[in-house]
Amino acid sequence: MEGRPEGKTGIHGWGAYVPRYRLPMSEIARVWGWAPEQASGLGMKEKAVAGPDEDSVTMGYEAARNALRRASIEASRVGAVFFGTESKPYAVKPSATIIAEALGITPATMASDLEFACRAASEGLRALIGMVASGLIEYGLVIGSDTAQANPGDVLEFTASSGAVAYVIGPREGAVAYFEGSYTYVTDTPDFWRRAHQPYPLHGEGFTGEPAYFHHIENAVKGLLAELGLKPSDFDYAVFHQPNGKFPLRIARRLGIPKEKVLPGLVTPVIGNTYNASALLGLARVLDVAKPGDRILVAPFGSGAGSDAYSIVVTDAIEERRSLAPLFDDYLSRRKEIDYATYAKFRGIFNVIK
Amino acid sequence: MSMDLSVPETWRVKGALYRLEAARCKACGRIHYPPMPACPYCGSRDLERVTLPSEGVLESYTVVYAVPEGSRHKAPVLLGLVRLGRVRVVAEITDADPSELRTGMEVEAVLRRIRSDREAGIIRYGVMFRPKLKGGSRGG
């Protein structure tokens, strides 16, 4: 592992955001006539819903603010802001500049929006590792944020939810966790997509599983382990992309990782699939509880398709930074239940003349 | 193509909307928000930018049911008078039902969509306040 560029870099701050509103699965089943057990088959209880004045920018801003507070650095030292989303408020006009300006990072910074379904933010994370390791920038900010869309009545509606996560990446010195290695595995696999000007994505039903999610994550993780000379039992926690509550447990079983190492970072059953936040939000929850010396495996996935695998080791610095911003569970416990009609209004499912 | 929201104005006030930037008058010492070219109290143009605290106290509020056009989706609109240190500002309160609001409650600033110009125009982001998050000692 010595000498790898990843080893020169680490996480200085992490930040979560989950909106206040929750839609129980029973509401979706009631309105669309699904079998009552449909949601439990997906391992789902309820999902988080962004409020009427929220979008991926406002949620991403709050997650980034939390990450910067934990990093305890001047905002102007951030040299790149990467914003991963598939729910951009503007089709053309960067969201990253809005967040960078609001946080006081502008103007001497890179800023761009990335797209790769649910793993755009992870691609940004891997790019930042390289940029920090090379010395091009001192610190970088990556944000994953989505108000995920689903065709009303589609099975995807059970899981598509809203949330955000952010990380400040910088040199290994002073980091709350450092990277040991990273590995990316992508192919052209059309498991899920949204065509231009379409409001909702389509997906290949069962095709989203075996040739997409499982194939890519398995190969990314195996590639990482081979490069680092590690085995699954070397990790204290494992966090995978979580499109539902079941897939992460199944890929863990296939890789020989026990359920107990996955559950602390499995957030989808209680907030839904936050798309670009998903696995990285699970990592944030793990960092909320992890101890110095813990080794964490993280593997985000994005349709189209690809997966990144990271090995991360927690340092002593984590304890003092944890209390500098709200924890994932602080947001989780701020819960207001809503019905389907309110959800439909908040998420713009009604067609209203403006 | 006509637009409801002025692009130059939205751009010009972004410091106040995004980061609670206010102006302190060097002549009379008072602070006003949002910043204007001259002090509204003494008329001096000798001003300096200051940033207001992001946490404060809800001193008063009103619940608006007859909302402006374009705001029906978030009705009723909660308007608060928020004390931020030496300054009081008027802003929307979010993430709360009217029954949850109390005079004297702690609130904190968040960035939200204040208004969007129909389907194709600009989106104006800016500060709103919400009841302080529990675990708020961590909120900073």
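These numbers were taken from a predicted model, which means no experiment stands behind them.

**Notes on the domain arrangement of chain A**
Residue and element names in this part refer to chain A. Once the domains are mapped, chain A shows domain 1 (5-176 + 318-346) and domain 2 (180-314). For domain 1 versus domain 2, the distance between C-alpha centres works out to 16 Å. Taken together, the contact pairs 46 residues of domain 1 with 42 residues of domain 2. Residue assignment for the side of domain 1 that touches domain 2 shows that the elements contributing at least two residues are strand 1 (9-17), strand 3 (46-49), helix 5 (120-134), strand 6 (139-147), strand 7 (162-171), helix 10 (318-322) and helix 11 (328-332). The dominant element in the side of domain 1 that touches domain 2, judged by the number of residues it contributes, is helix 5, at five residues.

**Topic: unusual backbone geometry**
In this chain, Gly304 of chain A is followed by Ala305 of chain A through a cis amide linkage whose omega measures 0 degrees. Along the chain, Ala305 of chain A falls in strand 14 (residues 304-314). Tyr33 of chain B connects to Pro34 of chain B through a cis peptide bond whose omega is -10 degrees. Structurally, Pro34 of chain B can be placed in the loop between strand 2 (31-32) and strand 3 (47-51). Non-glycine residue Ser72 of chain A carries a positive phi angle of around 55 degrees. Note on placement: Ser72 of chain A falls in the loop between helix 3 (56-71) and strand 4 (78-84). You will see that Lys93 of chain A, though not glycine, has its phi angle at about 140 degrees, which is positive. Mapped onto the secondary structure, Lys93 of chain A falls in the loop between strand 4 and helix 4 (95-103).

**Regarding the sheet that holds strand 3 of chain B**
All names here are of chain B. With respect to topology, three strands assemble into an open sheet ordered 2-1-3, the strand pairing being antiparallel. Looking at which strands have only one partner, the edges of the open sheet turn out to be strand 2 and strand 3. Sheet analysis places strand 1 (residues 21-25) next to strand 2, joined by two bridges and oriented antiparallel. The partner of Ala23 across the bridge, within strand 2, is His32.

Definitions and cut-offs
- Residues numbered from 1 in each chain as written.
- Chains lettered and ligands numbered in written order.
- Predicted model: local features only at pLDDT ≥ 70, side-chain atom pairs only at ≥ 80, totals over all residues.
- Domains from an automatic or database assignment.
- Contact = placed C-beta atoms within 7 Å.
- Helix = DSSP H or I, 4+ residues; strand = E, 2+ residues; numbered from the N terminus.
- Pairing = 2+ DSSP bridges.

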